[in-house]
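The chain contents come next:
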Amino acid sequence: PSHDREDTEEAKEDIIGRKTEQEHILFIFDDFQTKFDGGDNPENRLICQYFSMNRSYNSSVFIICQSYTQIPTKVRNNLNVRIIHQMEDEHAITAVINDISGLMNDGNVNLKDLKYNIRMLYKKIWKNPYDFLLVLKHPKQIRLNWKKIVYEPDTGIEEDEEEGDENGGSLD
């Protein structure tokens with residue numbers, strides 16, 4: 001409908017207008033894949049455009065979704081932090097592994113080995129239903145839950161010495 005297009009343009013102008021202001025903006029997109037289905041619609045174009053330049057607008061964005069592959073690739077490539085929980089869909093798991101491998105690859109590692117190692121890290125979160133992988137873009141790290149660093153490009157996969165506490169170990 002035409003009112004959707006007008007609302008989208010109005011939102012775009014509001015975002016662009018805030019570029020000169022000093023306030024910090026927080027956007028939270030809940031159930032992202034349902035509204036922004038990856039099709040060529042005004043909302044999807046706005047979100048992809050915003051994600052390609054959001055740092056210029058002094059803002060932070062949270063995307064909450066149930067289907068990783070429903071997030072447009074352009075948006076996924078601009079994420080600074082990913083929290084990956086258990087998934088059943090092998091297509092989505094493969095997409096996560098490919099995205100994380102691309103993010104973590106510093107050119108000094110065999111990509112096939114890197115993907116295998118990331119798949120092994122992903123399998124770790126199946127030990128506890130509340131475990132997750134925290135993937136950071138800067139610095140490049142993969143953590144088990146909030147604390148325990150399990151991968152860095154310079155050091156590789158950290159082997160399990162002890163399981164640690166239920167929060168994924170300590171920062172020490």
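The structure we're discussing is the one just above.
Below or above, wherever it landed, is the structure these notes cover. (Residues numbered from 1 in each chain as written. Predicted model: local features only at pLDDT ≥ 70, side-chain atom pairs only at ≥ 80, totals over all residues. Heavy atoms only, no water.)

1. Remarks on the overall build of the chain
For the chain, the count of helices and strands is six helices and seven strands. Traced from its N-terminal end to its C-terminal end, the chain shows the element sequence α-β-α-α-β-α-β-α-α-β-β-β-β. The buried share of the chain, taken over its 172 residues, is 37%. Sequence separation of at least 24 residues holds for 55% of the intrachain contacts in the chain that already meet a minimum separation of 6. Here the chain displays about 10700 Å² of accessible surface, and carbon together with sulfur accounts for 49% of that area. (Helix = DSSP H or I, 4+ residues; strand = E, 2+ residues; numbered from the N terminus. Buried < 20%, exposed > 50% of the residue type's maximum accessible area, 1.4 Å probe, protein only. Contact = heavy atoms within 4.5 Å. Areas by Shrake-Rupley, 256 points an atom, 1.4 Å probe, with all protein chains shown as cover.)

2. Some points on the sheet that holds strand β6 (residues 148–152)
Here we have five strands laid out as an open sheet, ordered β3-β4-β5-β6-β7, and antiparallel in their pairing. Bordering the open sheet on either side are β3 (81–84) and β7 (156–157), each of which pairs with just one other strand. Sheet topology places strand β5 (residues 141–144) next to β6; three bridges connect them, and they run antiparallel. Paired with Ile142 across the bridge in β6 is Tyr151. Here helix α5 (residues 90–104) sits on the sheet and contacts β3, β4 (133–136), β5 and β6; the angle it forms with β4, its principal contact strand, is near 40°. Contacts between helix α6 (residues 111–124) and the sheet are confined to β3, β4, β5, β6 and β7, with β6 contributing the most and set at about 165° to the helix. (Pairing = 2+ DSSP bridges. Axes fitted to C-alpha atoms, helices over the stretch in contact; angles between N-to-C directions.)

3. Remarks on the nonpolar core
Ranked by internal contacts, the top residues of the largest apolar core, which has 22 residues, are Ile84, Met87, Met104, Leu133 and Ile142. Those elements that place two or more of their residues in this core are α5, α6, β4, β5 and β6. Here this core takes eight residues from α5, the largest share from any one element. Not counting the four nearest positions on each side in its chain, Met104 is found in contact with Leu114, Val135, Leu136, Lys140, Gln141, Ile142, Tyr151 and Pro153. (Core = buried A, V, L, I, M, F, W, Y, C linked by side-chain atoms within 4.5 Å.)

4. What about α5?
With 15 residues, α5 extends 21 Å between its outermost C-alpha atoms, agreeing within 8% with the 21 Å of an ideal straight helix rising 1.5 Å per residue. Those residues of α5 not exposed but buried are Ala92, Ile93, Ala95, Val96, Ile97, Asp99, Ile100, Ser101, Leu103 and Met104. Where α5 is buried, its residues touch α4 (73–76), β3, α6, β4, β5 and β6. Residue Asp89 occupies the N-cap position of α5, its side-chain oxygen lying 3.1 Å from the main-chain nitrogen of His91. (Expected span 1.5 Å × (residues − 1). Polar contact = N/O pair within 3.5 Å; in protein donor to acceptor, adjacent residues only side chain to side chain.)

5. Quick word on a nonpolar patch on the surface
Where nonpolar side chains cluster on the molecular surface, the patch consists of Leu26, Ile28, Phe62 and Ile64 and spans about 400 Å² of accessible area. Looking at the nonpolar patch, the elements with two or more residues in it are β1 (25–30) and β2 (59–64). Position of Ile64 relative to the elements: it lies in strand β2. Its relative accessible area of 43% is what places Ile64 among the partly exposed residues. (Patch = residues over 30% accessible without salt bridge, like charges linked within 9 Å, V, L, I, M, F, W, Y side chains within 5 Å. Salt bridge = Lys/Arg side-chain N within 4 Å of Asp/Glu carboxyl O.)

6. With respect to empty space enclosed by the protein
Scanning the model with the defined rule gives two cavities of 30 Å³ or more in all. For the second largest cavity, the calculated volume is near 30 Å³. What lines the second largest cavity is Ile84, Ile93, Val96, Ile97, Ile100, Ile118, Tyr122 and Leu133. Contributions of two or more residues to the lining of the second largest cavity are made by α5 and α6. Ranked by residues supplied to the lining of the second largest cavity, first place goes to α5 with four residues. Taken together, the residues that form the lining of the second largest cavity break down as eight nonpolar, no polar and no charged. (1 Å grid on protein atoms, 1.4 Å probe; cavity = no way out; pocket = protein on both sides within 12 Å on 5 of 7 lines; lining within 4 Å. Points joined across faces, edges and corners; volume = space filled by probe spheres on them. Nonpolar A, V, L, I, M, F, W, Y, C, P; charged D, E, K, R; others polar.)

7. Here's the deal with the pairing of β3
Along β3, the buried face is formed by Arg82 and Ile84; none of Val81 and Ile83, which line the opposite face, is buried. Bridge count for β3 against β4 is four bridges, and the pairing is antiparallel. Paired with Ile84 across the two strands is Leu133, which belongs to β4.

Scope: geometric values only; no functional claims are made or implied.
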